[in-house]
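# Examining the three-dimensional arrangement
Below are the chains, spelled out letter by letter.
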Amino acid sequence: MSSLAVPQAEPRAGSAPGTVQDRRPPLRRRIALVPTVTLLLGALYCLLPVAWVVIAATKSGRELFSTFTFLPGTGFADNVRDLTAYRDGVYWQWMANSALYAGLGALLSTCVSAVSGYALATYRFCGRETIFNVLLAGVLMPPVILAVPQYLLLAKADLTDSYLSVLLPQILFPYGVYLARIYAAAAVPADVVEAGRMDGASEWRIFTRIALPMMIPGMVTVFLFQFVAIWNNFLLPYIMLSDDEKFPITLGLFTLLEQGANTPALYTLVITGAFLAVLPLVALFLVIQRFWSLDLLSGAVKS
């Protein structure tokens, strides 16, 4: 009875028989690690200043300049108490102003973007592409160029140094209109709009009852972008406002930092105020991200 011959594995070219084969990862795997390493470095670059602010906010004035940079301190409660007592709580007035500017401004901007984007995506009219191209030019226009003309226009209307002087320029958000048009064109089927018209629904009813629910995930994104942009805006309030009780948190902390040049004890208040000013953005992002994910999972058109 003949026995079956078992073929022997031939040694790889370039390696001696009996030696352990090279176990290094292939070149393709090494290349695949490059994006991960790049993202980790970018995350470290972005999170390191935040970590410094969080830790520095826990230090007293003495600990801020005498202890290790990333060693937590024991003065956070005292810093918050001093910040609240500073000028009878003007810091919280700045926070309330920022919430008003960012919340109301982002809400109005989102409504304008939704209506404008839906109209540009759904209706066919003369000059539609021209209007859209002008809006795209507005996206490319740096805000610093528009700040001075906006100040001159509002000065003619006697609206400077008022809440409206900060709110009105933020309502039209060209990038939000652009996103709304792209999202409406993708999420609102033309057949659904035509079906609503055949059923006798008005154009406004079609938009509010049919198109707008389909556009909610995109509009949440527009709201988040505009809220963060208004909350972090510094130049426009700096030009428009002179009454410090109407300052947003960015401008208020800037004035507090300028005073800290002559009073070093105010540095701890600036750092603590900067840390507290980040918390609403983090909370908003977490809440909206959950809402956004649920909307995307629910789908626009149900079969």
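Residues numbered from 1 in each chain as written. Predicted model: local features only at pLDDT ≥ 70, side-chain atom pairs only at ≥ 80, totals over all residues. Heavy atoms only, no water.

On to the overall build of the protein. Along its length, the protein carries 13 helices and zero strands. Walking the protein from its N terminus toward its C terminus, one meets helices and strands in the order α-α-α-α-α-α-α-α-α-α-α-α-α. In the protein, once contacts between residues fewer than 6 apart in sequence are set aside, the share between residues at least 24 apart is 71%. Accessible area of the protein: about 19100 Å², with a carbon and sulfur share of 67%. (Helix = DSSP H or I, 4+ residues; strand = E, 2+ residues; numbered from the N terminus. Contact = heavy atoms within 4.5 Å. Areas by Shrake-Rupley, 256 points an atom, 1.4 Å probe, with all protein chains shown as cover.)

Helix α8 (residues 174-187) packs onto helix α4 (residues 90-122) with a crossing angle of 50° between their chain directions and a minimal axis gap of 7 Å. By the angle between their axes, α4 is oblique relative to α8. Like other packed secondary-structure pairs, α4 and α8 cross with a definite hand, here right-handed. Here S113, A114, S116, G117, Y118, L120 and A121 of α4 come into contact with α8, specifically with G176, V177, A180, R181, A184 and A185. (Axes fitted to C-alpha atoms, helices over the stretch in contact; angles between N-to-C directions. Parallel < 35°, antiparallel > 145°, perpendicular 65-115°, else oblique. Left-handed = near helix turned anticlockwise from the far one by under 90°.)

What follows deals with the packing of aromatic side chains. Between two aromatic rings, the relevant description is the distance of the centres plus the angle of the planes. According to the stated counting rule, one finds 17 aromatic pairs in the structure shown. Measuring from centroid to centroid gives 5.7 Å for Y101 and Y163, while their planes differ by 45°, and the two rings are tilted. With Y101 in helix α4 and Y163 in helix α7 (residues 163-171), this residue pair connects regions lying 62 residues apart in the sequence. Under the relative-accessibility criterion, Y163 is labelled partly exposed at 31%. Cation over ring: R181 sits above F132, and NZ or CZ is 4.1 Å from the ring centre. (Phe/Tyr/Trp six-rings, centres within 6.5 Å; stacked < 30°, edge-to-face > 60°. Buried < 20%, exposed > 50% of the residue type's maximum accessible area, 1.4 Å probe, protein only. Lys NZ or Arg CZ within 6 Å of the ring centre and 35° of its normal.)

This part covers the pattern of salt bridges. According to the stated counting rule, one finds six salt bridges in the structure shown. Where E194 meets R197, a salt bridge forms, and the shortest distance between an N and an O atom there is 2.9 Å. Linking E194 with R197, this pair stays in helix α9 (residues 190-198), spanning three residues, or about one helical turn. Taken together, the shared-partner salt bridges connect R128, E129 and R181 into one network. (Salt bridge = Lys/Arg side-chain N within 4 Å of Asp/Glu carboxyl O.)

A few words on the nonpolar core. Counting residues in each nonpolar core, the largest one holds 38 residues, and the members touching the most others are Y91, F227, W231, I249 and L256. Contributions of two or more residues to this core are made by α4, α7, α10 (203-231), α11 (235-240), α12 (249-260) and α13 (266-298). Sort the elements by how many residues they give to this core and α13 lands first, with ten residues. Residues contacting F227, with those up to four places away along its chain left out, are A102, G103, A106, L281 and L284. Among the nonpolar cores identified, the runner-up in size contains 15 residues, and V193, F207, M214 and V222 belong to it. (Core = buried A, V, L, I, M, F, W, Y, C linked by side-chain atoms within 4.5 Å.)

Confidence in the prediction of the protein, expressed as mean pLDDT, is 85, and 86% of residues score 70 or more. For the protein, the element scoring lowest by mean pLDDT is α13, at 80; α4 scores highest, at 95. The model gives residues 299-303 a pLDDT under 50, and that stretch makes four contacts with residues more than four places away or in other chains. (pLDDT = per-residue confidence, 0-100.)

Let us now look at helix α1 (residues 27-56). Here α1 spans 43 Å end to end across 30 residues, near enough to the 44 Å set by a 1.5 Å rise per residue. The sharpest bend along α1 measures roughly 30° and falls at L47, with the proline P49 sitting one to four residues further on. (Expected span 1.5 Å × (residues − 1). Bend = angle between axes of the 7 residues up to and from the residue.)

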